[in-house]
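# Secondary and tertiary structure notes
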Amino acid sequence: MKKIEAIIKPFKLDDVRQALNDIGIQGMTITEVKGYGRQKGHKEIYRGAEYLVDFMPKIKLEIVVPADRAREVIDTVRSAANTGKIGDGKIFVIPLEGVIRVRTGEADNEAI
């Protein structure tokens, strides 16, 4: 099993979610996060005062899939989240030792 963590722009969430539903991926966890990389934030003016916004709002998706579906999910997220501009995000792939569904006790692929 693999855990795929993707950091994407907030306005791309619906596109990514729909693309994942289209390939049969239904379960995911979504968190609103803030961060920066090469994008490095920007300056804004509020009530006449200029200030630096260091951390940009992002969405973090966490998706657990069987190892044989990981590449398909990665490619789907990448294509749906891509705008071609700086700050599109990152995808992290993490090996996962196990999963247990709390309600039933099912384990591993049955619990996904």
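Report follows, based on the coordinates. Bear in mind the structure is a predicted one, so any value in this text is a computation, not a measurement.

Broken down by element type, the chain carries two helices and six strands. For the chain, the N- to C-terminal ordering of α and β elements is β-α-β-β-β-β-α-β. The C-alpha radius of gyration computed for the chain amounts to 17 Å, which surpasses the reference 13 Å derived for 112 residues by more than 25%, pointing to a less compact arrangement than a globule. When the backbone C-alpha atoms are referred to their principal axes, the chain occupies close to 55 × 30 × 20 Å. In the chain, which comprises 112 residues, the share counted as buried stands at 29%. If you take every contact in the chain between residues at least 6 apart in sequence, the share linking residues at least 24 apart comes to 72%. With the model as given, the accessible surface of the chain reaches about 7700 Å², and the carbon-plus-sulfur share is 50%.

Under the criterion given, the structure shown has nine salt bridges. Residue aspartate 15 is joined to lysine 12 by a salt bridge in which the shortest nitrogen-to-oxygen separation is 3.1 Å. When its relative accessible area of 11% is taken as the criterion, lysine 12 is described as buried. We note a salt bridge from arginine 71 to aspartate 75, for which the minimum N-O separation is 3.3 Å. A residue pair is termed a helical-turn pair when its members lie 3 or 4 positions apart in one helix, as arginine 71 and aspartate 75 do in helix α2 (residues 70-81) at four residues. Overlapping salt bridges bring together Lys3, Glu5, Lys60 and Glu62 as one network.

Between the first and last C-alpha of α2 there are 16 Å, a value that for twelve residues agrees with the 16 Å anticipated at 1.5 Å per step. Those residues of α2 that sit buried are Ala70, Val73, Ile74, Thr76, Val77, Ala80 and Ala81. Axial view of α2: buried residues confined to an arc of 165°, hence all on one face. What points out from α2, more than 90 degrees from its buried face, is the exposed set Arg71, Arg78 and Ser79. Among the structural elements, β1 (2-8), α1 (13-22), β5 (56-65) and β6 (89-95) are those in contact with the buried residues of α2.

Our next topic: α1. Here α1 has its buried residues at Leu13, Val16, Ala19 and Leu20. Seen along its axis, α1 keeps its buried residues to an arc of 135°; they face one direction. Residues of α1 that are buried sit in contact with β1, β2 (29-35), β5 and α2. Glycine 24, located one to two residues past α1, shows a positive phi value of around 90°.

What counts as what
- Residues numbered from 1 in each chain as written.
- Predicted model: local features only at pLDDT ≥ 70, side-chain atom pairs only at ≥ 80, totals over all residues.
- Heavy atoms only, no water.
- Helix = DSSP H or I, 4+ residues; strand = E, 2+ residues; numbered from the N terminus.
- Rg over C-alpha atoms; globule rule 2.2 N^0.38 Å.
- Buried < 20%, exposed > 50% of the residue type's maximum accessible area, 1.4 Å probe, protein only.
- Contact = heavy atoms within 4.5 Å.
- Areas by Shrake-Rupley, 256 points an atom, 1.4 Å probe, with all protein chains shown as cover.
- Salt bridge = Lys/Arg side-chain N within 4 Å of Asp/Glu carboxyl O.
- Expected span 1.5 Å × (residues − 1).
- Arc of directions from axis to C-beta.

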